[in-house]
Amino acid sequence: MSVFSSLLPVPADPILGVTEAFNADPHPDKINLGVGVYTDQTGVLPLMDCVRAAEQDIAAHPRAHAYLPQEGMAAYDDAVQQLVFGESSPARLAGRVVTAQTLGGTGALRVGAGLLRLANPQVTVLISSPSWENHRLIFERTGFAVEEYRYYDQGTGGVDVDGMVADLEAADPGSIVVLHGCCHNPTGSDLTAEQWDRVIEVLVRRGLVPFVDLAYQGLSQGLVEDRYAVEALVRADACFVVANSFSKNFGLYGERVGAVHFVAASSDEAARVRSQAKTVIRSLYSSPSTYGAAIVARVLTTAELAALWEQEVDGMRGRIKQMRAEFRSGLEAAGVTQDLSYITTQAGMFSYSGLSPRQMMRLREQFHVYGLDSGRLCVAALNPGNLDRVIEAVAAVMTS
């Protein structure tokens, strides 16, 4: 008997499983709309100009590769905190925000979950229905019971805000509520500012714990606009957690650059939170890596590079919106008669197409277009070279 003999196989991650199937497909014109990676108009992952400039500067001033502190690079933490909360955020100025560099957005979620588990291990975590598959896995593996709140409205392709509010009203005080700050994954359907205000009023009044996942800042409306939920929670005097990532908006997927932010009730409480966060990090990976954080810090703290980055993010967001518009108009021209307005009202890298698992299977097997069984398509992977083939394939499965 092996020590591992009791372990059972688990299904492949829905996203990674699609990528594996795509890689195994020998068809020369296959298209991957499953993985959440932004590609440019030529279909390749771009190296952003601001990143290139920062890397050149870093290479010109080499340093020894020492350990970072558990909470990461100080210049990075401060710059990222300003980006996520705003330089003059009242919570930030009051010393209520604790920021720690993490291994990507996933690491930020895991560190946040670990600290919340120490604070109150008996509460339930609520995630949206649907949500990014890893949300459930992260919180369950941390030891929490995970349930869902209503979110996506299949009929309109938007948010079922009434159902969401009703479920939050019924949640036990102290429950942790995972919220997508913008560019909801997988649906692309976001709360409006007014809806955020309504939801936040319930969260605060019911004593729920907001946990905002801000993985796509800048790719919905803009870098400042996309932190609306964070600013609104600060205005509501809430205590909450934010996880953010620079995989998408910096193109630093492989560098695993993220941060977790804890907003405490006071600066004294923040000091206690910081000490506990460091122990969680110590138990997971001890200290984060340097290179990706050095790139982000160099860009965010250099006025010229920060302006260039914002310009490049604006360009990414504009290209995604253009692909959405052309995808919708192409489907309509191809004879799809159902209401497709959701394609252009949704935001960010993903669109919930409304296709069934059977239709998604047909897309893969007949047309070699790969997306998730949930119907999620990565519109950020559309480009002039593959758009017509995707339109032809999706229109075929929608109209037959």
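Everything numeric here is computed off the predicted structure, so don't read it as measured data.

Peer 1: Kindly report on the pairing of strand E8 (residues 209-214), identifying the contributing residues and their values.
Peer 2: Across the 6 residues that make up E8, a large majority, 5, are buried. Sheet topology note: the strand E7 (residues 176-180)/E8 ladder contains 5 bridges and is parallel. By the bridge assignment, Ile176 is partnered in E8 with Val209. Taken together, E7, helix H8 (residues 193-205) and E8 form a β-α-β motif whose crossover is right-handed. Two strands pair when backbone bridges link them, and E8 and strand E9 (residues 240-245) are joined in this way by 4 bridges, in the parallel orientation. In the sheet register, Phe211 faces E9, and the bridge partner there is Val241.

Peer 1: How would you explain the nonpolar core if you had to name every residue and give the values?
Peer 2: If you look at the biggest cluster of nonpolar residues, it comprises 100 residues, and the most contacted ones within it are Tyr76, Leu168, Phe250, Trp309, Phe327 and Met349. Those residues in contact with Tyr76, other than ones at most four positions away along the chain, are Gln101, Phe246, Val257, Gly258, Ala259, Ala293, Val296 and Ala297. Counting 35 residues, the second-largest nonpolar core is a separate cluster that includes Val111, Ile138, Val280 and Leu372.

Peer 1: Mind laying out the pattern of salt bridges, listing which residues take part and the relevant values?
Peer 2: Applying the stated criterion to the full structure yields 13 salt bridges. One salt bridge connects Asp237 with Arg96, and the closest N-O pair in it is separated by 3.7 Å. Here Arg96 lies in the loop between helix H4 (90-93) and strand E2 (97-103) and Asp237 lies in the loop between helix H9 (228-235) and E9, a separation of 141 residues in the sequence. Relative accessible area serves as the criterion here: at 56%, Asp237 is assigned to the exposed category. Taking the relative accessible area as the measure of exposure, Arg96 reaches 9% and is therefore buried. Between Asp167 and Arg150 there is a salt bridge whose closest N-O contact spans 3.0 Å.

Peer 1: Before we move on, could you go through the pairing of strand E10 (residues 257-263) and cite the residues and values that matter?
Peer 2: A large share of E10 lies buried, amounting to 7 of its 7 residues. What you see with E10 is no split at all: Val257, Ala259, His261 and Val263 on one side and Gly258, Val260 and Phe262 on the other are buried throughout. As paired strands, E2 and E10 are joined by 7 bridges and run antiparallel to one another. Within the sheet, the bridge partner assigned to Leu103 lies in E10 and is Val257. As paired elements, E9 and E10 share 6 bridges and run antiparallel to each other. The partner of Val241 across the bridge, within E10, is Phe262.

Peer 1: Requested: an account of unusual backbone geometry, with residues and values cited.
Peer 2: Here the residue pair Ser129 and Pro130 is connected by a cis peptide bond, since its omega of 0° sits within 30 degrees of zero. Tracing the backbone through its elements, the reader meets Pro130 in the loop between strand E3 (124-129) and helix H6 (133-141). Here the amide bond leading from Asn185 into Pro186 is cis, since omega sits at 25°, within 30 degrees of zero. By the element assignment, Pro186 lies in the loop between E7 and H8. At Cys183, a position not held by glycine, the phi torsion is positive, near 55°. Tracing the sequence through the fold places Cys183 in the loop between E7 and H8.

Reading guide: rules and limits
Residues numbered from 1 in each chain as written. Predicted model: local features only at pLDDT ≥ 70, side-chain atom pairs only at ≥ 80, totals over all residues. Heavy atoms only, no water. Buried < 20%, exposed > 50% of the residue type's maximum accessible area, 1.4 Å probe, protein only. Helix = DSSP H or I, 4+ residues; strand = E, 2+ residues; numbered from the N terminus. Pairing = 2+ DSSP bridges. Right-handed = clockwise from strand over helix to strand, strands pointing away. Core = buried A, V, L, I, M, F, W, Y, C linked by side-chain atoms within 4.5 Å. Contact = heavy atoms within 4.5 Å. Salt bridge = Lys/Arg side-chain N within 4 Å of Asp/Glu carboxyl O.

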